[in-house]
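Given next are the chains, with one letter for each unit.
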Amino acid sequence: MATLTTVEHHPARTSTRAWWSVAATIFAIAWGGNEFTPLLVMYKQDGLPLTTVDLLLFEYVLGIVPALLIGGPLSDRYGRRPLMRPAPLVAAAGSLLLAFGSDSVPMLSAGRVLSGVALGLAMAVGSSWLKELSQPPFASETAAGTGARRSAMSLTGGFAVGAGVAGVLAQWAPLPETLTYLINAALCVAAAAWLARIPETAAPQPNPTRLVDDLKVPAAGHRRFRFIALPIALWLFTSSATAYAIMPTLMMPRVHSAPIAFSALITVIMLGCGFAIQSVARRIDRPGTIRGAVLALVLIACGMGSAALNSSILTLWATIATAVLLGAGFGIGMVAGLQEIERIARPGDLAGLTAVFYSVSYLGFGVPALMATLHIAGIGYPAMFTVAALLAASSLALLAHGRRG
């Protein structure tokens with residue numbers, strides 16, 4: 001990994017609020033990435049097979065992971081602006097494909113992949129840029145972890161608002177398969193224009209090493225990353241996918257009057273809880289401890305246990321309880337993981353290590369398709385969620401092992 005060079009900067013020329021533009025761009029891209037989620041129910045009602053729709057959800061990851069793993073290290077090499085400025089335009093293109101491709105699985109797939117590429121860049125490059133803009137000389141002195149908290153809240157807020165607006169519009173507004181995507185495309189174009197005025201924080205490398213060397217992330221071998229950050233990452237979007245992809249699908253027969261709006265409601269509850277708790281999560285998680293990580297996994301294990309119960313009884317209140325528990329675990333886990341990365345990473349490793357963390361976390365979006373396939377094979381959802389709860393609880397042993405090291 002090449003050593004990152006800090007940009008020479010004149011403080012008088014830069015607003016201390018420059019980070020707002022990057023935060024807004026991350027928010028808009030996250031909105032576009034998650035507006036598809038409550039519409040899973042709509043596409044299933046329109047006749048697409050359940051496994052096809054769940055695979056469309058996962059295809060998002062096919063764009064996210066390469067963008068994370070390549071975009072993060074490239075931004076350490078060439079700077080944040082060249083990698084991040086195209087991201088909202090890529091997101092807009094993805095939303096337009098989704099808007100006009102509702103009758104075409106290939107167009108939906110392409111739109112999902114582009115949405116994933118944009119989100120991968122936002123998470124790896126945007127999060128690093130936002131962190132750097134949140135500290136001197138680009139901003140006044142802030143508490144440790146402020147950049148991670150701002151990034152996590154921008155992502156979670158975008159995920160929640162995008163899903164909520166999409167569900168309401170698809171349920172009651174005209175053009176249910178199109179309107180929400182057009183709104184997001186317009187927001188992303190506006191964000192791209194705002195982002196153009198934001199300063200670079202990482203100077204391009206004057207004598208870059210081989211690209212393959214830049215793609216290596218030595219800090220990924222750090223003990224606390226392997227035994228604390230990664231166990232958290234594995235459960236972040238597994239929790240999300242459980243709460244707002246699997247639960248609303250199982251509840252469709254019980255909420256037949258407004259299934260899309262119900263899906264959006266559960267998504268907003270889950271992510272709203274995650275967003276709200278992130279403002280206090282930084283104070284829970286302290287350097288050298290595992291308090292934040294432990295609390296996150298305990299909540300996720302309880303949420304999976306609630307999902308096991310709810311998949312047997314299918315009630316409104318059990319579904320909401322599941323969303324609340326998993327949302328709280330998601331929110332605390334996101335902040336705890338990102339703050340762990342801030343403590344571990346050297347300047348030249350920050351974007352790359354963030355990329356590895358998010359790449360692992362997004363594998364959780366494969367869970368709905370996996371569970372749907374296992375269900376077809378005869379394994380019930382209560383049994384699968386019971387196993388998930390036990391696995392989440394057993395992950396606490398990894399955290400203890402990481403702390404001892």
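- As recorded in an unreviewed UniProt entry, the protein goes by the name MFS transporter, listed as coming from Nocardia uniformis.
- Under Subcellular location (unreviewed entry), UniProt gives the following word-for-word description of the protein: "Cell membrane".

A closer look at the side chain of serine 151
- Relative to the elements of secondary structure, serine 151 occurs in helix 7 (residues 146-172).
- Exposure remark for serine 151: the relative accessible area of 2% places this residue in the buried category.
- Discounting chain neighbours no more than four positions away, the residues touching serine 151 are Ser127, Leu130 and Tyr358.

Thoughts on the pattern of salt bridges
- Scanning the entire structure with this criterion turns up four salt bridges.
- Between aspartate 54 and lysine 44 there is a salt bridge, with its nearest N and O atoms 3.4 Å apart. Residue aspartate 54 is located in helix 3 (residues 50-78), and its partner lysine 44 is located in helix 2 (residues 40-45); the two are separated by 10 residues in the primary sequence.
- Aspartate 54 sits in the buried class, given a relative accessible area of 5%.
- Judged by relative accessible area, which is 10%, lysine 44 ranks as buried.
- Arginine 224 is paired through a salt bridge with glutamate 340; the nearest N and O atoms lie 2.6 Å apart. Here glutamate 340 lies in helix 13 (residues 316-344) and arginine 224 lies in helix 10 (residues 223-251), a separation of 116 residues in the sequence. Of the two residues, arginine 224 and glutamate 340, both sit in the buried class.
- One salt-bridge network, held together by shared partners, links Arg224, Glu340 and Arg343.

Side note on the packing of helix 10 against helix 13
- As a packed pair, helix 10 and helix 13 sit with axes 8 Å apart at the nearest point and diverge in direction by 155 degrees. In terms of axis orientation, helix 10 runs roughly antiparallel to helix 13. When you trace helix 10 past helix 13, the crossing you get is left-handed.
- Here the residues of the contact of helix 10 with helix 13 sort into 17 nonpolar, seven polar and two charged.

What to know about the packing of aromatic side chains
- All chains considered together, the criterion is met by 12 aromatic pairs.
- Consider the rings of phenylalanine 237 and tyrosine 362, whose centres lie 4.0 Å apart with planes at 20 degrees: the pair is stacked. One end of the pair, phenylalanine 237, is in helix 10; the other, tyrosine 362, is in helix 14 (residues 350-362), with 125 residues separating them in the sequence.
- Phenylalanine 237 gets classed as buried once you look at its relative accessible area, which sits at 1%.
- Grouped by ring-pair contacts, the aromatic residues Tyr60, Phe159, Phe237, Phe330, Tyr362 and Phe365 constitute a single cluster.
- Stacked on the ring of tyrosine 60, the Lys or Arg arginine 112 has its end atom at 4.2 Å from the ring centre.
- Over the aromatic face of tryptophan 19 sits the side chain of arginine 150, whose NZ or CZ is 3.8 Å from the ring centroid.

Some thoughts on a nonpolar patch on the surface
- On the surface, a cluster of nonpolar side chains totalling about 340 Å² of accessible area is made up of Leu96, Phe100, Met107 and Leu182.
- Mapped onto the elements, leucine 96 comes out in helix 5 (residues 87-100).

Section: the nonpolar core
- Ranked by internal contacts, the top residues of the largest apolar core, which has 124 residues, are Leu119 and Tyr362.
- A per-element tally of this core places helix 10 first, with 16 residues.
- Counting the residues that make up this core, at least three belong to each of domain 1 (16-197) and domain 2 (219-404).
- The contacts of leucine 119, once residues within four sequence positions are left out, are Ile29, Ala30, Tyr60, Ile64, Leu155, Phe159 and Tyr362.

Things to note about unusual backbone geometry
- A positive phi angle is found at leucine 175, which is not glycine, with a value near 50 degrees.
- You can see leucine 175 is positioned in the loop between helix 7 and helix 8 (179-195).
- Residue leucine 175 is classed as exposed on the basis of its relative accessible area, which comes to 53%.
- Positive phi is not limited to glycine here, since leucine 314 has a value of about 50 degrees.
- Mapping leucine 314 onto the fold places it in the loop between helix 12 (291-313) and helix 13.
- With a relative accessible area of 18%, leucine 314 lands in the buried category.

What to know about the environment of tyrosine 381
- Looking at the element boundaries, tyrosine 381 is found in helix 16 (residues 381-394).
- Classification of tyrosine 381 as buried rests on a relative accessible area of 12%.
- Spatially, the C-alpha atom of tyrosine 381 lies 24 Å from that of tyrosine 60, the residues being 321 residues apart in sequence.
- When near neighbours in sequence (up to four residues on either side) are disregarded, tyrosine 381 contacts Ile246, Leu250, Ser311, Met371, Ala372 and His375.

Rules of the game
Residues numbered from 1 in each chain as written. Predicted model: local features only at pLDDT ≥ 70, side-chain atom pairs only at ≥ 80, totals over all residues. Heavy atoms only, no water. UniProt positions renumbered as here; feature names shortened; annotations may be inferred. Helix = DSSP H or I, 4+ residues; strand = E, 2+ residues; numbered from the N terminus. Buried < 20%, exposed > 50% of the residue type's maximum accessible area, 1.4 Å probe, protein only. Contact = heavy atoms within 4.5 Å. Salt bridge = Lys/Arg side-chain N within 4 Å of Asp/Glu carboxyl O. Axes fitted to C-alpha atoms, helices over the stretch in contact; angles between N-to-C directions. Parallel < 35°, antiparallel > 145°, perpendicular 65-115°, else oblique. Left-handed = near helix turned anticlockwise from the far one by under 90°. Nonpolar A, V, L, I, M, F, W, Y, C, P; charged D, E, K, R; others polar. Phe/Tyr/Trp six-rings, centres within 6.5 Å; stacked < 30°, edge-to-face > 60°. Lys NZ or Arg CZ within 6 Å of the ring centre and 35° of its normal. Patch = residues over 30% accessible without salt bridge, like charges linked within 9 Å, V, L, I, M, F, W, Y side chains within 5 Å. Areas by Shrake-Rupley, 256 points an atom, 1.4 Å probe, with all protein chains shown as cover. Core = buried A, V, L, I, M, F, W, Y, C linked by side-chain atoms within 4.5 Å. Domains from an automatic or database assignment.

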